Amino acid sequence: MRNPFATAVVATCLVAIAVSASEGEVNYRQHTMSAIGGHMRAIVDIIRGDVPHTDHLGTHAGAMADLAEIAPTLFPESSKGGDALDAVWEDAEDFKSKLEAFREATANFKAAVDSGDQGQIMGGFRGVGQACKGCHDNYRAE
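Residues numbered from 1 in each chain as written. Predicted model: local features only at pLDDT ≥ 70, side-chain atom pairs only at ≥ 80, totals over all residues. Heavy atoms only, no water.

A.B. asks: What should I look at first to understand the overall build of the protein chain in this one?
C.D. replies: When helices and strands are counted, the protein chain shows five helices and zero strands. Within the protein chain, the fraction of its 142 residues that count as buried is 30%. Within the protein chain, contacts between residues separated by at least 24 positions form 70% of all contacts whose residues are at least 6 apart in sequence. Of the roughly 8700 Å² that the protein chain leaves accessible, carbon and sulfur atoms contribute 57%. (Helix = DSSP H or I, 4+ residues; strand = E, 2+ residues; numbered from the N terminus. Buried < 20%, exposed > 50% of the residue type's maximum accessible area, 1.4 Å probe, protein only. Contact = heavy atoms within 4.5 Å. Areas by Shrake-Rupley, 256 points an atom, 1.4 Å probe, with all protein chains shown as cover.)

Structure, rendered in structure tokens:
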């Protein structure tokens, strides 16, 4: 004969683990996206000349490109919530294309920074900004 109390405890623990995993995924995504935002703000500071750290531009561009590579893995179905709108999962193909545009834009920006050509750097930076906006407009709660 089963113990109803033990069954209830096990069920409660399983639900708590599932909620914790989901919360963990949301938190991880938000931390990673915040890191992307931090690199973007640092890049803006450098480009505007607010700081003298022009030699750091490559580090930030590389970090953005690296984070863009893992961005598609940050949105499993179990991570609904946070500031990601349900449209992320409801229109998954379009969202995937936006993440691919972000990956391409950050790779292009990194290559532009590596080239040292100011025109390419500015064009690459605009491309990253447009890619970010492309996701934020439809897939992020502001």
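A.B. asks: Explain the packing of aromatic side chains here, please?
C.D. replies: Describing an aromatic ring pair means giving the distance of the ring centres and the angle of the ring planes. Applying the stated criterion across every chain yields a total of three aromatic pairs. Ring centres of F75 and F95 lie 4.8 Å apart, and the angle between their planes is 75°; on these two criteria the pair is classed as edge-to-face. One end of the pair, F75, is in the loop between α2 (57–70) and α3 (87–90); the other, F95, is in helix α4 (residues 92–115), with 20 residues separating them in the sequence. By the burial criterion, F75 is buried, and F95 matches it. Between the aromatic rings of F95 and Y139, the centroid separation amounts to 5.0 Å while the plane-to-plane angle is 65°, which identifies the pairing as edge-to-face. Taken together, the residues span a long stretch of sequence, with F95 in helix α4 and Y139 in helix α5 (residues 118–139) at a distance of 44 residues. (Phe/Tyr/Trp six-rings, centres within 6.5 Å; stacked < 30°, edge-to-face > 60°.)

A.B. asks: Would you mind going over the nonpolar core with me for this structure?
C.D. replies: Nonpolar side chains tend to gather and get buried jointly when the protein is soluble and globular. The biggest cluster of nonpolar side chains holds 20 residues, and the ones touching the most others in it are L57, M64, F102, F109 and V128. Sorting the residues of this core by element identifies α1 (4–48), α2, α4 and α5 as the ones contributing at least two each. Once residues lying within four places of it in the same chain are set aside, the contact partners of V128 are M40, M64, F102, A105, T106 and F109. By size, the runner-up hydrophobic cluster in this structure holds 10 residues, among which are L74, A84, V88 and Y139. (Core = buried A, V, L, I, M, F, W, Y, C linked by side-chain atoms within 4.5 Å.)

A.B. asks: Could you clarify how one ought to interpret a negative patch on the surface in this entry?
C.D. replies: Among the surface-exposed residues, D86, E90, D91 and E93 lie close enough to one another that they form a single negatively charged patch. Take D86: it is sitting in the loop between α2 and α3. Judged by relative accessible area, D86 falls into the partly exposed class, the value being 42%. (Patch = residues over 30% accessible without salt bridge, like charges linked within 9 Å, V, L, I, M, F, W, Y side chains within 5 Å. Salt bridge = Lys/Arg side-chain N within 4 Å of Asp/Glu carboxyl O. Lys, Arg positive; Asp, Glu negative; His and termini not counted. Charge placed at Lys NZ, Arg CZ, Asp CG, Glu CD.)

A.B. asks: Hey, could you run me through the pattern of salt bridges in this one?
C.D. replies: Should the charged atoms of two oppositely charged side chains come close, the side chains can pair. Following the criterion strictly, the structure yields six salt bridges and no others. Put simply, R103 and E100 hold a salt bridge, and the shortest N to O gap is 2.7 Å. On the criterion of helical spacing, the pair formed by R103 and E100 is a turn pair, its members being three residues apart in helix α4. Assessed through its relative accessible area of 25%, R103 is described here as partly exposed. Overall, E100 belongs to the partly exposed group, its relative accessible area being 32%. In this structure, K133 engages D137 in a salt bridge whose closest nitrogen and oxygen atoms are separated by 2.7 Å.

A.B. asks: It is not clear to me how the state of the cysteines should be interpreted in this structure. Could you clarify?
C.D. replies: Working definition: the covalent bond between the sulfur atoms of two cysteines is a disulfide. Across all of its chains, the model carries zero disulfides by this definition. Sulfur of C132: no disulfide; nearest cysteine sulfur belongs to C135 and is 8.0 Å away. Judged by relative accessible area, C135 falls into the buried class, the value being 12%. (Disulfide = S-S within 2.5 Å.)

A.B. asks: I tried to follow the environment of Y139 on my own but got confused; where do I start?
C.D. replies: Under the relative-accessibility criterion, Y139 is labelled buried at 5%. Taking C-alpha positions, Y139 is 8.5 Å from D83, a pair spaced 56 residues apart along the chain. A polar contact of 2.5 Å, which involves the side chain of Y139, links it to the side chain of D94. (Polar contact = N/O pair within 3.5 Å; in protein donor to acceptor, adjacent residues only side chain to side chain.)

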